[in-house]
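The chain contents come next:
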Amino acid sequence: MTELTTEFWFPPAGQLGWFAPELALIATIVAVVAVPIILGRRARLSACVALLGVVAALLLTGDVGRRVAEEAAAGLAPPGAPPMLIADNFAVFFKAFLLLFLTLVTVLWLFGLTGRRPALARRFAAHSVEFFVLLLGSALGMMVMVSTLNLLMIILAIELASLPSYALAGYDKRDPAGAEASLKYVLFGAVTAAITLYGVSLLYGAFGTLDIPTIAAAMAGGGAGVGAALGLLGLCVGIGFKISAVPFHFWCPDVFEGATIEVATWLSVASKAAGLGLLLRVVTAMGSLDDALAITVGIVATATCTLANFAAYRQQNVKRILAYSSIAHAGYMLMAAAVFVPAASEAEPNLAASALLLYLLTYLFMNFGVFAATACVEWETGSSALSNFIGLGRRAPWLAVPMAVCLLSLVGLPPLGGFLAKWWLLVALGSGAAEHDRLWGLVLVLVLNTLFSLYYYLRIIYMMFLRTEWSRPAPLAPHVGGLVLVNACAVVLLLFGTLGARAVKLLADEYAVHLYAAPLARAAAALVP
Amino acid sequence: MRHALRWIVMAGVWSALAGTAWGAEAPVPPAESSSTILEAIAFYAMAAVALLSGLAILVSRNLVRNVVCLLAALGAVAGLYFLLAANLLGAIQLIVYAGGTLVLITFGVMLTSRPGSDRQLVRGWERIAGGVVCVTLFIGLCMVLLCTEWATVAASAEPTTVAAVGRALLTDYLVPFELASVLLLVMLIGAAYLVRRDGESGAEDDADRC
Amino acid sequence: MWTIGLTHYLILAAMLFCIGVAVIVTKRNAIGILFGVELILNAGNLNLVAFSRYRGADIAGQVVAMFGIVLAAAEAAIAVAIVVNLYNATATIDVDSATTLRG
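The structure displayed is predicted, hence computed values, not measured ones.

Along chain C, the regular secondary structure elements total 3 helices and 0 strands. Overall, chain C shows an N-to-C arrangement of helices and strands of α-α-α. In chain C, the proportion of contacts linking residues at least 24 apart, taken out of those at least 6 apart, comes to 47%.

This is the structure:
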């Protein structure tokens, strides 16, 4: 054994370069801690350092994306071993997506400093360093989640994404609701993480490896036993918790209601996107799901969106309604994973993956728009109860109209981006179902659920525009920055649905090719020096 | 009840110590050797301690007692690691888990204990339902575990050396190793933030008490 | 019976897992639930080490188990911090009486 020469492995710069965005984010975490030591603790300073780092990471992601487009796939692989981290089109899309969203959330947090009542804002400003360390930490975990196929890395990444989120949920220490939300979140998360570890131990025992493509190859070769299936189920528990798929969705409404609005905004999109990205990556590595597994995912998706849509009916708090709405949308996107079929050739865009990416991109803007509007109301009135939205159409038309646009897009009505997202999802569902002649029911489930969801979205719009109050409602002066964000989201959604529809579809297609997948011999051979 | 618990705990601590000594001195012999019986006895003893202290956690309502039972369980599992020739892991289990994590949890118990607060229990039928679910789960798990053909290789006699684990951490598992360090840094800051009393809020709390 | 094999360890780990689940289901104290989580984590780790041993001392299982211990420590730290935080805010850590958030 060549012990002396191979004792340490320092990743070559060429391989490390593929993961510049992650490294930049780690450097930003350190900078957020270090800068206040020199320049003093100031809230805006921390936010600006974080913003700078995130934008730098975003630019680096663009650079990596250009190089990935040329070389298709690369990874960070120890000598002679399968890659620990993967850089491919899919990972680049998700990293850019998460970093873009992180930028938006940071900007929203900055606006919250001036939008909130001064006493509350001071309390938030006092702990900006901790807030951004936790936020960036969870973002880093999510970025690793979507770019790995190693079981150990998956566990670590899920934990790195979850643990800071638990602390973020209880970020406002003097709010008992926040403390309660974080407790429910951490207990739920700890139990699912422990079950995931048990599942991973069974997978490791069955196949003797931690690399999912190797496991998938062994499974395809008929080496799958009941134990391995149980292990896979354990892994799915961990992913299902991040997506808040149905048996693991209980934390979601409580955390959204109890946490501050910025944290709820972050979790509503990022946690689900990272979980779905990981799930789709695992599914891609397995080539295609076998019947039993596909039907299980289909049933979970059906249960997720149906239950969430019905539970949203009787909520009186807009944040809770939005929590159930986000669970329902996670269910829609889960359907894409259930009908995943590998594309005919690698260079051809994968229909299901492309539909999922398009949906996520649209979902980012519609969800962020609604959350930013809710934030504006909450900053002004101190709560996000539905009654605070009564007469908003007259009290603050520049807030109410774009919010209504975002809500209608969440329903999926025609001239908006949400419609196209649902349309392409339906196309993917139809073609995936036709390929295997199974799961036709999902098409019906998606259409019916869209109808169910109409009621509670329209209820908010009804409250804002049609409901008249006896007493004259006080006029609302929403924060200008918040208004700009909400209106920008509404405009983007209009563009996605009309002029930009083709461009968005092409963008999603572009990132749904060359997925790091089953024929990995090519990629693996290219990586091992 | 109290006496039984005391015996379990003492047995756990002693078996953990014995396991440490035994594991450190004698590497696991090949299966054919005459000490197979010895290995079996050690296994059953540790297994009994782990299970009994687990059950004690289940039935006992006193949190401090639970902590001690968990200590016995962790010690027994560490003994099993030594039995499995994973010496480094056994030591880490004792030092980090039993010595660090458990102390942390003990702090949590101490900081939040209030007279009467540990008497809360679920209703009787919920306990019975929980028991039934768990027994069913166990039977199902056992069926799955016994039905699966686990590919096993003849166990090697050599215990895994610290050097081998260290080398693995710095080569094949360097990336997760570094990621774990980021995780610990972020968590350190997060946990410290959550438990710290801020200047202004601390003053207010004192005022409330007055 | 007297030759200890992989199955012995797997069954023991399964028992620990089920006891852990039972603890989680029946305890109403937040830290009590944490005990159950620790038992499940130990079951997973024991599985990993046993598999590693009976696969010819394959190192991967031991390394994952080591990371499992690290994760347990980090998770316990954050969970205890959150429990203490809740206790400071509401003077209770009983999960059933934490019902501000309902809907």
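With that settled, consider the overall build of chain B. The helix and strand tally for chain B stands at 8 helices and 0 strands. Written out in order from the N terminus, the α and β elements of chain B read α-α-α-α-α-α-α-α. Split into buried and exposed, the 210 residues of chain B put 36% on the buried side. Once local pairs closer than 6 in sequence are excluded, the contacts in chain B between residues at least 24 apart make up 74%.

Residue and element names in this part refer to chain A. Here the phi dihedral of serine 244 falls at roughly 60°; this positive angle occurs in a residue that is not glycine. Within the fold, serine 244 resides in the loop between helix 10 (226–243) and helix 11 (251–258). Residue serine 244 is classed as buried on the basis of its 27 C-beta neighbours within 10 Å.

We now examine the nonpolar core. Nonpolar side chains tend toward joint burial in soluble globular proteins. Core analysis: the largest hydrophobic core is formed by 317 residues, its most contacted members being Leu98 and Met335 of chain A together with Ile78 of chain C. With 23 residues, helix 15 (residues 351–381) of chain A is the largest single contributor of residues to this core. The residues that make up this core include at least three from each of domain 1 (1–121) and domain 2 (173–210) of chain B. In this structure methionine 335 of chain A touches Gly298, Ala301, Leu425, Leu429, Leu442 and Leu446 of chain A, once residues within four positions along its chain are discounted.

This part is about the interface of chain A and chain C. Facing the 38 residues of chain A at the interface are 35 residues of chain C. Per-element tally for the side of chain A that touches chain C: the top contributor is helix 8 (residues 176–207) of chain A, with 20 residues. Here the side of chain A that touches chain C is composed, by residue class, of 23 nonpolar, 8 polar and 7 charged.

Residues and elements named next belong to chain C. For aspartate 94, the location among the structural elements is in the segment after helix 3 (59–90). Judged by C-beta crowding, with 15 C-beta atoms within 10 Å, aspartate 94 ranks as partly exposed. Along the backbone, aspartate 94 and isoleucine 31 are 63 residues apart, and their C-alpha atoms lie at a distance of 9.2 Å.

Residue and element names in this part refer to chain A. Taking 1.5 Å as the rise per residue, helix 19 (residues 441–465) with 25 residues should run 36 Å; its terminal C-alpha atoms sit 36 Å apart, in good agreement. Roughly 30° is the biggest bend found in helix 19, and it falls at leucine 454. Considered for burial, the residues of helix 19 that qualify are Leu442, Val445, Leu446, Asn449, Thr450, Ser453, Tyr456, Tyr457, Ile460 and Met464. Its buried side turned inward, helix 19 meets helix 13 (291–311), helix 14 (318–338), helix 16 (392–395), helix 17 (397–411) and helix 18 (417–436).

Between chain C and chain B, the contact holds 60 residues from the first and 75 residues from the second. Contributions of two or more residues to the side of chain C that touches chain B are made by helix 1 (6–26), helix 2 (30–54) and helix 3 of chain C. At 21 residues, helix 3 of chain C tops the list of elements feeding residues into the side of chain C that touches chain B. Residues of the side of chain C that touches chain B, tallied by class, amount to 45 nonpolar, 10 polar and 5 charged.

This part takes up the confidence of the model for chain B. Atom-level detail of predicted coordinates should not be read off regions where pLDDT is low. Residue and element names in this part refer to chain B. Scored by pLDDT, chain B has a mean of 78; 70% of the residues are at 70 or more. Looking over chain B, one finds the lowest element-wise mean pLDDT in helix 8 (residues 199–209), namely 42, and the highest in helix 3 (residues 63–83), namely 93. Contacts from residues 22–32, a stretch scored under 50 in pLDDT, to residues over four places away or in other chains number 22 contacts. Note on residues 200–210: pLDDT under 50 across the span, and 3 contacts to partners over four residues away in sequence or across chains.

Along the polypeptide, leucine 23 of chain A turns up in helix 2 (residues 20–39). It is 34 Å that separates the C-alpha atoms of leucine 23 of chain A and alanine 206 of chain A, two residues lying 183 residues apart in sequence.

In this section: the packing of helix 15 of chain A against helix 20 (residues 480–497) of chain A. All names here are of chain A. It is at 9 Å that the axes of helix 15 and helix 20 come closest, and there the two elements cross at 155°. Here helix 15 is positioned roughly antiparallel relative to helix 20, judged by the angle of their axes. Viewed along their axes, helix 15 and helix 20 form a crossing whose handedness is left-handed. In this structure, helix 15 uses Thr362, Phe365, Met366, Phe368, Gly369, Ala372, Ala373, Ala375 and Cys376 to contact helix 20, whose residues at the interface are Gly482, Leu483, Leu485, Val486, Cys489, Ala490, Val492, Leu493 and Phe496. Here the contact of helix 15 with helix 20 is composed, by residue class, of 15 nonpolar, 3 polar and no charged.

Bringing the environment of tyrosine 332 of chain A into the picture now. Residues and elements named next belong to chain A. Relative to the elements of secondary structure, tyrosine 332 occurs in helix 14. The spatial distance from the C-alpha of tyrosine 332 to the C-alpha of threonine 450 is 9.7 Å, given a sequence separation of 118 residues. Leave out the neighbours within four places in its chain, and tyrosine 332 touches Cys305, Leu425 and Leu446.

For the rest of this paragraph, the subject is the packing of helix 4 (residues 89–115) of chain A against helix 15 of chain A. Residues and elements named next belong to chain A. Relative orientation of the contacting elements helix 4 and helix 15 amounts to 10°, with a least axis distance of 11 Å. In terms of axis orientation, helix 4 runs roughly parallel to helix 15. Only Leu357, Leu360, Leu361, Leu364, Phe368, Ala372, Ala375, Cys376 and Trp379 of helix 15 make contact with helix 4, whose side of the interface consists of Phe93, Phe97, Phe101, Leu104, Leu108, Gly112 and Gly115.

For helix 1 of chain C, built from 21 residues, the straight-helix expectation of 30 Å at 1.5 Å per residue is met to within 8% by its first-to-last C-alpha distance of 30 Å. Of all 21 residues in helix 1 of chain C, 16 are buried, a share of seventy percent or more.

This part takes up the confidence of the model for chain C. Considering every residue of chain C, the mean pLDDT works out to 87; 89% of them sit at 70 or more. Interface confidence for the predicted complex, given as ipTM, is 0.94, next to a pTM of 0.90.

Rules used in this analysis
Residues numbered from 1 in each chain as written. Chains lettered and ligands numbered in written order. Predicted model: local features only at pLDDT ≥ 70, side-chain atom pairs only at ≥ 80, totals over all residues. Helix = DSSP H or I, 4+ residues; strand = E, 2+ residues; numbered from the N terminus. Contact = placed C-beta atoms within 7 Å. Buried ≥ 20, exposed ≤ 12 C-beta atoms within 10 Å, placed from the backbone. Core = buried A, V, L, I, M, F, W, Y, C linked by C-beta atoms within 7 Å. Domains from an automatic or database assignment. Nonpolar A, V, L, I, M, F, W, Y, C, P; charged D, E, K, R; others polar. Expected span 1.5 Å × (residues − 1). Bend = angle between axes of the 7 residues up to and from the residue. pLDDT = per-residue confidence, 0-100. Axes fitted to C-alpha atoms, helices over the stretch in contact; angles between N-to-C directions. Parallel < 35°, antiparallel > 145°, perpendicular 65-115°, else oblique. Left-handed = near helix turned anticlockwise from the far one by under 90°.

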